[in-house]
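For reference, the chains in residue letters:
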Amino acid sequence: MFQSLSDRLSGILDKLTRRGALTESDVAEAMREVRRALLEADVALDVVRDFTEKVKAKAVGQEVLRSVTPGQMVVKIVNDELVAMLGSESSTIDLHAAPPVAIMMVGLQGSGKTTTTAKIAKRLTDRDKKKVLMASLDVRRPAAQEQLRVLGDQTGVDTLPIVAGQTPQQIAKRALDAGRLGGYDVVILDTAGRIHIDEELMRESAEVRDIARPHETLLVADSLTGQDAVNVAKSFDERVGITGIVLTRADGDARGGAALSMRAVTGKPIKLLGVGERWDELEDFHPARVASRILGMGDVVSLVEKAAQTIDAEKATKIAEKMKKGVFDLDDMAEQLKQMQRIGGMSGVLGMLPGMGKIKSQIAEANLDDSILKRQHAIITSMTPHERRNPKVLDAKRKRRIAAGSGTKVEDVNKLVKMHRQMADMMKSLGRNKGMLNRLVGGGGRGAAPSEAEMAAMQEELGKLDPKALEQLPQELKDAIPTGMPKGLPGLSGGMPKLPGLGAGLPGLGGGFPKFPGLPGKKK
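Small disclaimer: the values here were computed from a predicted structure and weren't measured.

**Here's the deal with the overall build of the protein**
Summing up its helical and strand segments, the protein has 24 helices and eight strands in all. Per-residue burial over the protein gives 50% buried out of 524 residues. Contacts spanning at least 24 positions in sequence make up 74% of the contacts within the protein whose residues lie at least 6 apart. Looking at the protein as shown, the accessible area adds up to about 24200 Å², and 50% of this sits on carbon and sulfur atoms.

**Quick notes on helix α9 (residues 199-212)**
Spanning 14 residues, α9 covers 20 Å between terminal C-alpha atoms, matching the ideal 20 Å at 1.5 Å per step. Restricting attention to buried positions, one finds in α9 the residues Leu 201, Met 202, Glu 204, Ser 205, Ala 206, Val 208 and Ala 212. Residues of α9 that are buried in the fold lie against β1 (101-106), α8 (168-181), β4 (186-190) and α10 (228-239). At the exit of α9 stands Arg 213, carrying a positive phi of roughly 45°.

**Describing the pairing of β4**
For β4, a buried count of five out of five residues is recorded, marking the element as mostly surrounded by other parts of the structure. Where burial is concerned, the two faces of β4 agree: the one with Val 186, Ile 188 and Asp 190 and the one with Val 187 and Leu 189 are both buried. Two elements, β1 and β4, share five bridges in a ladder whose sense is parallel. Looking at the pairing, Val 101 lines up with Val 186 of β4. Relative to β4, strand β2 (residues 132-136) runs parallel, the two being bridged by five bridges. Bridged to Val 132 within β4 is Val 186.

**As for the packing of aromatic side chains**
Counted by the stated rule, this structure contains zero aromatic pairs. The ring of Tyr 184 carries the charged tip of Lys 131 above its face, separated from the ring centre by 4.6 Å.

**Some points on the nonpolar core**
By size, the foremost hydrophobic cluster in this structure holds 69 residues, and its most contacted members are Leu 189, Phe 236, Leu 260 and Met 262. The biggest single contributor to this core is helix α5 (residues 70-86), with eight residues. Those residues in contact with Leu 189, other than ones at most four positions away along the chain, are Ile 103, Met 104, Met 105, Ala 135, Leu 137, Ala 172, Ala 175, Val 208 and Ala 212. Listed in part, the 21 residues of the second largest apolar core include Ile 120, Val 132, Met 134 and Leu 272.

**What to know about the side chain of Asp 138**
Structurally, the position occupied by Asp 138 is in the loop between β2 and α7 (144-155). Taking the relative accessible area as the measure of exposure, Asp 138 reaches 6% and is therefore buried. There is a polar contact of 3.2 Å between the side chain of Asp 138 and the backbone nitrogen of Arg 140. In terms of polar contacts, Asp 138 uses its side chain to reach the backbone amide nitrogen of Arg 141, at 3.1 Å. Those residues in contact with Asp 138 that lie beyond four places of it in its chain are Ala 144, Gln 145, Asp 190, Ala 192 and Gly 193.

**Observations concerning the pairing of strand β7 (residues 270-274)**
For a regular strand, side chains alternate in direction, first toward one face of the sheet and then toward the other. Counting buried positions along β7 yields five of five residues, so the element is predominantly enclosed. As paired elements, β7 and strand β8 (residues 282-284) share three bridges and run antiparallel to each other. In the sheet register, Leu 272 faces β8, and the bridge partner there is Asp 284.

**Here we look at the packing of helix α2 (residues 24-40) against helix α3 (residues 45-59)**
Contact geometry of α2 with α3 gives a least axis separation of 10 Å together with a crossing angle of 160°. Accordingly, the angle class assigned to the pair α2 and α3 is roughly antiparallel. In terms of crossing hand, the pair formed by α2 and α3 is right-handed. Between α2 and α3, the residues in contact are Val 27, Ala 28, Met 31, Val 34, Arg 35, Leu 38 and Leu 39 and Leu 45, Val 48, Arg 49, Phe 51, Thr 52, Val 55, Lys 56 and Ala 59, respectively.

**Considerations on the sheet that holds strand β3 (residues 158-159)**
On the basis of which strands lie adjacent, the open sheet formed by eight strands has the order β3-β2-β4-β1-β5-β6-β7-β8 and mixed pairing. A single partner strand is all that each edge strand has here, and the edge strands are β3 and β8. Note that strand β5 (residues 216-222) and strand β6 (residues 244-248) share five bridges and pair parallel. Looking across to β6, one finds that Asp 222 is bridged to Thr 248. Sheet contacts for α7: β2, β3 and β4; angle to β2, the most-contacted strand, approximately 160°.

**Thoughts on unusual backbone geometry**
The linkage connecting Pro 99 with the following residue, Pro 100, adopts the cis geometry, with an omega of -5°. Within the secondary structure layout, Pro 100 lies in the loop between α5 and β1. In this model, Lys 129 sits at a positive phi of 55°, which is unusual for a non-glycine residue. The topology assignment puts Lys 129 in the loop between α6 (113-126) and β2. Residue Lys 129 is classed as exposed on the basis of its relative accessible area, which comes to 64%.

Thresholds applied
- Residues numbered from 1 in each chain as written.
- Predicted model: local features only at pLDDT ≥ 70, side-chain atom pairs only at ≥ 80, totals over all residues.
- Heavy atoms only, no water.
- Helix = DSSP H or I, 4+ residues; strand = E, 2+ residues; numbered from the N terminus.
- Buried < 20%, exposed > 50% of the residue type's maximum accessible area, 1.4 Å probe, protein only.
- Contact = heavy atoms within 4.5 Å.
- Areas by Shrake-Rupley, 256 points an atom, 1.4 Å probe, with all protein chains shown as cover.
- Expected span 1.5 Å × (residues − 1).
- Pairing = 2+ DSSP bridges.
- Phe/Tyr/Trp six-rings, centres within 6.5 Å; stacked < 30°, edge-to-face > 60°.
- Lys NZ or Arg CZ within 6 Å of the ring centre and 35° of its normal.
- Core = buried A, V, L, I, M, F, W, Y, C linked by side-chain atoms within 4.5 Å.
- Polar contact = N/O pair within 3.5 Å; in protein donor to acceptor, adjacent residues only side chain to side chain.
- Axes fitted to C-alpha atoms, helices over the stretch in contact; angles between N-to-C directions.
- Parallel < 35°, antiparallel > 145°, perpendicular 65-115°, else oblique.
- Left-handed = near helix turned anticlockwise from the far one by under 90°.

In structure tokens form, the structure reads like this:
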């Protein structure tokens, strides 16, 4: 969602960091460009003016202008003000009330309110182990109540039985009664929307609020709406009173202005982001992490959290036991590729790594997308069980058969086999340090991260394995790969992250950067 804004701001701030010293005119010029970038991203004018004035006031101070690294100090100031604009601290759905806790969903028609209701219900059911009841109060839109019933069947969440002819107020009262009698922890009320704000919508929403007395009133807003989303938020907050905001379609090409403006204008926190169509693609909104993404610093914390949630502990333990023996076959590699896809694929992972925005064009040329993972998985599944366990038996005839079966070329099979051989060598080296290995793959360390000394030792081992790995990359790509990050900047750490449960990191990691087939190298 913030891609275009991130590109603009990263470019502006990079100019500052390259300079040895900054003058007041340098800062003023940079703030003019930041102002223009924010306005083009649909951020409200008052918010932009307030933001740039705060940054400029801090950035022209004597401490910054005379700092050893003034450019980096300005980046930190911009980051801090972005976090403040987005809400400083993350806020989740509050369930601290006597059950059944009523959650009221409001918003305009077409913003994804009903689908978001089902996503939140499934999230509360699976993650928080709550018993949830959903009720549709939309009696105007054709089949709206039936739509929620179908979504309830798909997610395994109970829905209030449909009774024809009832008003939204009557349905709300019946839903709360059913919640109390049925022993439900949460009752989610999906109210009606309109294509635009009108008096009838507001009156109906206010009456439902008075009956249900919801503990949470969540405004569902479409990220693609632009500045009009701010007007919608203000209207609902004034007439109904909202406690939080859910932004949908955050995975689209929205310019991000709505997210930056709504929190600043309404004072209400953005609680959730809809980042895809699957039921689990609903993320908590963390201001500091989002600010880091906007400034191209990545979001390693969210990446590791997502990895921890999707890793199958039992399979990770089995892989750990095999790795202790120095064994890593193609079945293990296929499992790693599956785990990579569950985390979000190549695009999802690379988008959260620090510094990746600066080499976006090189990554695009290398075709490092999710199709690579699918193609590699197709190659492995085209092999026989014997071939997957013993890759050494793969001769030219077998490779031709595998290529034909997977719809790829023999060259692709050769690249996969070579990548597996490199990974297998790496696993053997890591197998010498069994304590660290267990924790890296989640096989007995109870989620504990390796110490800095262990990570340094591992990096040293990796450096010995394939010293020519990075030499095959184009010079501009090698120059852009971050080898260390300045201390003190939120979201940054020294070097590339290692994800728990993914072996020694991402599939194909050699000297710290993914080496997937398709990455440009030396011409033969």
